[in-house]
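Overview (structure and organization)
Each chain is listed here by its residues.
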Amino acid sequence: MRKIPLENRAVALPLLGLVIAWALFMGAAYADLYNSNSYYYGETPEAETFKVSVYLNFLGITIGSLASLFGQTWAIKARHTLGEDHKMARAAHRFTNLAVIISLAIGAIFAISTFLASFNSYYGQGSDVFIHFLNVYLPIFLATALVITVLLRAFVFRVDTIETNEEGKPKMSEAQKALGLGYAVPILAAAFAMIFGLVVYQVTRTDLQVWVWVIIQLIIALGIIAGTRFSSKARLAKTAEAPKPRKALAAAGAANLNFVLSIVFGAVVSVMAFTFGQMAIQKLQEWPEVPVDCKDTECYVEPSISAPSIEWLFEDLLPAKVLLVLAVVGIYLTITERNREKKQA
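Notes on the structure follow. Residue indices begin from 1 for each chain and proceed along its sequence in written order. Thresholds applied to this predicted model are a pLDDT of at least 70 for local features of residues and 80 or more for the giving and counting of side-chain atom pairs; totals over whole chains, interfaces and linings are not thresholded and use all residues. Values reported for side chains reflect all heavy atoms of the structure, with hydrogen atoms and water molecules removed beforehand.

**Section: the side chain of Gln285**
- Helix numbers and strand numbers start at the N terminus; a helix is a DSSP run of H or I with at least 4 residues, a strand a run of E with at least 2. Mapped onto the fold, Gln285 is located in strand S4 (residues 285-286).
- Here Gln285 falls in the buried class, since its relative accessible area comes to 12%.
- As used in this structure description, the phrase polar contact means that two N or O atoms lie within 3.5 Å; if the pair is within protein, one of them must be able to donate a hydrogen and the other to accept it, and residues adjacent in sequence are counted only when both atoms belong to side chains. There is a polar contact of 3.1 Å between the side chain of Gln285 and the backbone oxygen of Leu33. Only protein chains enter the accessibility calculation, which uses a 1.4 Å probe; a residue whose area is less than 20% of its type maximum is buried, one above 50% is exposed, and one in between is partly exposed.

In structure tokens:
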């Protein structure tokens, strides 16, 4: 049996992570149907309950991020083994870099959306502090840790940038330390600002919301300034070092049009797959009409949740699955076929 080349596996791994992430996101959407199993049209909202969907979404983002990160590692190894000018290895490196950047963006969006969704949500009498911590604060902490870990591992402490000391053990140069802080400090500042804003607002529940936002922006600005200083220090340290000989890449800095088009196609179709999947899950839940002048128990409205049927699977969920497969297969074949090396005669 022919072994799949390392550079091909580097392209396939982030796509596999995308498929797993899609499945977990659909599971989170289905779990949300039961999490919002009733609604109260009165003065007192229902008590907050644990949201398993938050962690299913986070698990999907984590698997997608790690798959992109390991794919990048494989691509770098393949490029060092096969040479800088090897077309497929170079394409795999570019693709996995893009996959890592997209996963970082999604992780950041997850943390920010969790923050924004909770900033004006009800939290007060009858709420469980521990449940609220699990639903809001812990996901923000975890997403921040994931983004920083993947970012540093992908672009600062990569396998091709790790230096060793006289004993052959890995070590960090001063430039790497400064660059790592340059990446991490602004992200940590943003996470701290979000946590601070939520704590102050949900504890006080006063009209100081505008000032809370001012303080949040101040913390973020200070983090960006500090990160800029560390980045400048890293740049100056790299400039002072003797330049290492390196073979220039053909058409360096210019993006290949077909590569860009294939990625745009994959991105659009992937978004459609996630959107149609969410819409399919939502069709399993039906809400009754809003009661008029309700009192006491009549104010509780419970939706009906239908079990998945064969008709629903084929008419609603299957199109989303087909779109996902189309995106994954299309991206893989486009990259591998376009960058296939000519066989020696």
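**So, the environment of Tyr332**
- Within the fold, Tyr332 resides in helix H8 (residues 310-338).
- On the basis of relative accessibility, which here comes to 23%, the residue Tyr332 falls in the partly exposed class.
- A C-alpha to C-alpha distance of 7.9 Å links Tyr332 and Leu15, two positions 317 residues apart in sequence.
- Among residues more than four places away in sequence, those in contact with Tyr332 are Asn8, Val11, Ala12 and Leu15. Any pair of residues with heavy atoms lying within 4.5 Å of one another is described as a contacting pair.

**Points about the nonpolar core**
- By size, the foremost hydrophobic cluster in this structure holds 42 residues, and its most contacted members are Trp22 and Ile140.
- At the level of secondary structure, the elements contributing two or more residues to this core comprise helix H1 (6-35), helix H2 (52-82), helix H3 (87-119), helix H4 (129-155), helix H5 (174-204), helix H6 (209-240), helix H7 (257-282) and H8.
- Per element, the largest residue contribution to this core is 9 residues, and it comes from H4.
- Those residues within four positions of Ile140 in sequence are excluded, and the remaining contacts are Ala111, Thr114, Phe115, Met194, Ile195 and Leu198.
- Counting residues in hydrophobic clusters, the runner-up holds 11 residues, among them Ala10, Ala75, Val328 and Ile335. To qualify as a nonpolar core, a set must consist of buried Ala, Val, Leu, Ile, Met, Phe, Trp, Tyr and Cys residues joined through side-chain atoms within 4.5 Å.

**Description of the pattern of salt bridges**
- Counted as salt bridges are all cases of a side-chain nitrogen of Lys or Arg within 4 Å of a carboxyl oxygen of Asp or Glu. A complete count under the given rule lists 1 salt bridge for this structure.
- The closest approach of N and O atoms between Lys283 and Asp316, which form a salt bridge, is 3.0 Å. One end of the pair, Lys283, is in the loop between H7 and S4; the other, Asp316, is in helix H8, and 33 residues separate them in sequence.

**Examining H2**
- Between the first and last C-alpha of H2 there are 45 Å, a value that for 31 residues agrees with the 45 Å anticipated at 1.5 Å per step.
- Just beyond H2, the residue with positive phi is Gly83, at close to 110°. What a helix is expected to span follows from its residue count: subtract one and scale by 1.5 Å.

**Brief notes about the packing of aromatic side chains**
- Aromatic pairs are defined between Phe, Tyr and Trp rings, using the six-membered ring for Trp, whenever the two ring centres lie within 6.5 Å; interplanar angles under 30 degrees are classed as stacked, those over 60 as edge-to-face, and all others as tilted. Throughout the structure, instances matching the rule amount to 4 aromatic pairs.
- Relative to Phe274, the ring of Phe25 lies with its centre 5.5 Å away and its plane at 90°, an arrangement referred to as edge-to-face. Of the two residues, Phe25 sits in helix H1 while Phe274 sits in helix H7, which places them 249 residues apart along the sequence. Across the pair, Phe274 and Phe25 agree in class, each one buried.
- Ring geometry for Phe50 against Tyr55: centres 5.7 Å apart, planes inclined by 25°, an arrangement best described as stacked.
- Overall, Phe50 belongs to the partly exposed group, its relative accessible area being 39%.
- Of the residues examined, Tyr55 reaches a relative accessible area of 21% and is grouped as partly exposed.
- In this structure, Arg9 is placed above the aromatic ring of Trp74, and the distance from its NZ or CZ to the ring centre is 5.8 Å. Geometrically, a charge over a ring is one whose NZ (Lys) or CZ (Arg) sits within 6 Å of the ring centre while staying within 35 degrees of the ring normal.

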